[in-house]
Amino acid sequence: MKVIVERCKNASCIIKNKTFSSIEKGLLLLVAFEEGDNKEKILWMVNKIIHLRIFDENGKMTLSVKDVDGEILSIPQFTLYATLESGNRPSFARALAKPKASLLYQYFNEMLNKEIKTKTGVFGANMQISSINDGPVTIVIER
């Protein structure tokens, strides 16, 4: 499992020219799954994300998204597992197949939403994601 975490001032997901979801201050998550990912890994990732201290207090990153009453926008992005070992066209063979990945993505968001208000994108949809990265602060978490 791989998650790109961006601290943001706001973020939105547009599908078919309409805003599907949006958040104000919080975290934009780009989420991908690979073979072997499971609920145990997801619970570890959720715990890490909600306690990740990347919001500033007195010039230091000491606060979590929970501490600042932030929100989360979680976007499925299988392309995080792209490889370019042969040629220039990316291979996505490492990414988990859609049916399994979709179920894990749904579970991931349910677990996040128990702790932090979480909005999502749509698995498999063509989405336009916009955000104002605050800092910028971008963290890659893998498990």
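The shown structure was predicted, so the numbers you read here are calculated from the model rather than taken from an experiment. (Residues numbered from 1 in each chain as written. Predicted model: local features only at pLDDT ≥ 70, side-chain atom pairs only at ≥ 80, totals over all residues. Heavy atoms only, no water.)

**Some points on the pairing of strand β6 (residues 71-76)**
And then number 1: Judged by how many residues are buried, β6 sits mostly within the fold: six of six residues are covered.
And then number 2: In this structure, strand β3 (residues 26-32) lies alongside β6, joined through six bridges in parallel fashion. Across the sheet, residue G26 finds its bridge partner in β6, namely E71.
And then number 3: As paired strands, β6 and strand β7 (residues 118-120) are joined by three bridges and run parallel to one another. The residue of β7 that forms the bridge with I72 is T118.
And then number 4: The parallel pair β6 and β7, bridged by helix α2 (residues 98-113), forms a crossover whose chirality is right-handed. (Buried < 20%, exposed > 50% of the residue type's maximum accessible area, 1.4 Å probe, protein only. Helix = DSSP H or I, 4+ residues; strand = E, 2+ residues; numbered from the N terminus. Pairing = 2+ DSSP bridges. Right-handed = clockwise from strand over helix to strand, strands pointing away.)

**Describing the pattern of salt bridges**
For side chains bearing opposite charge, pairing can occur when the charged atoms are close.
And then number 1: Using the criterion set out here, one finds nine salt bridges in the structure.
And then number 2: The salt bridge partner of D37 is K41, with a shortest N-O separation of 3.4 Å.
And then number 3: Here D37 falls in the buried class, since its relative accessible area comes to 10%.
And then number 4: Taking the relative accessible area as the measure of exposure, K41 reaches 23% and is therefore partly exposed.
And then number 5: As a salt-bridge pair, E115 and K66 come within 2.5 Å of each other at their nearest N and O atoms. (Salt bridge = Lys/Arg side-chain N within 4 Å of Asp/Glu carboxyl O.)

**A few points about the nonpolar core**
And then number 1: By size, the foremost hydrophobic cluster in this structure holds 30 residues, and its most contacted members are V3, V5, L27, L29, F33, I49 and F108.
And then number 2: Of all the elements in the fold, those that place two or more residues in this core are β1 (2-15), β3, α1 (39-51), α2 and β8 (128-142).
And then number 3: A total of seven residues in this core trace back to one element, the largest contributor, which is α2.
And then number 4: Excluding anything up to four places from it in sequence, F33 contacts M1, I42, Y81, R94, A95, L96, A101, L104, Y105 and F108.
And then number 5: Ranked by size, the runner-up nonpolar core spans 15 residues in total, among them L28, L30, L73 and I75. (Core = buried A, V, L, I, M, F, W, Y, C linked by side-chain atoms within 4.5 Å. Contact = heavy atoms within 4.5 Å.)

**Brief notes about the side chain of T83**
And then number 1: Along the chain, T83 falls in the loop between β6 and α2.
And then number 2: The exposure class assigned to T83 is buried, which follows from its relative accessible area of 18%.
And then number 3: In contact with T83, not counting residues within four places along its chain, are R89, P90, S91 and R94.

Treat this as a map of the structure, not an account of what it does.
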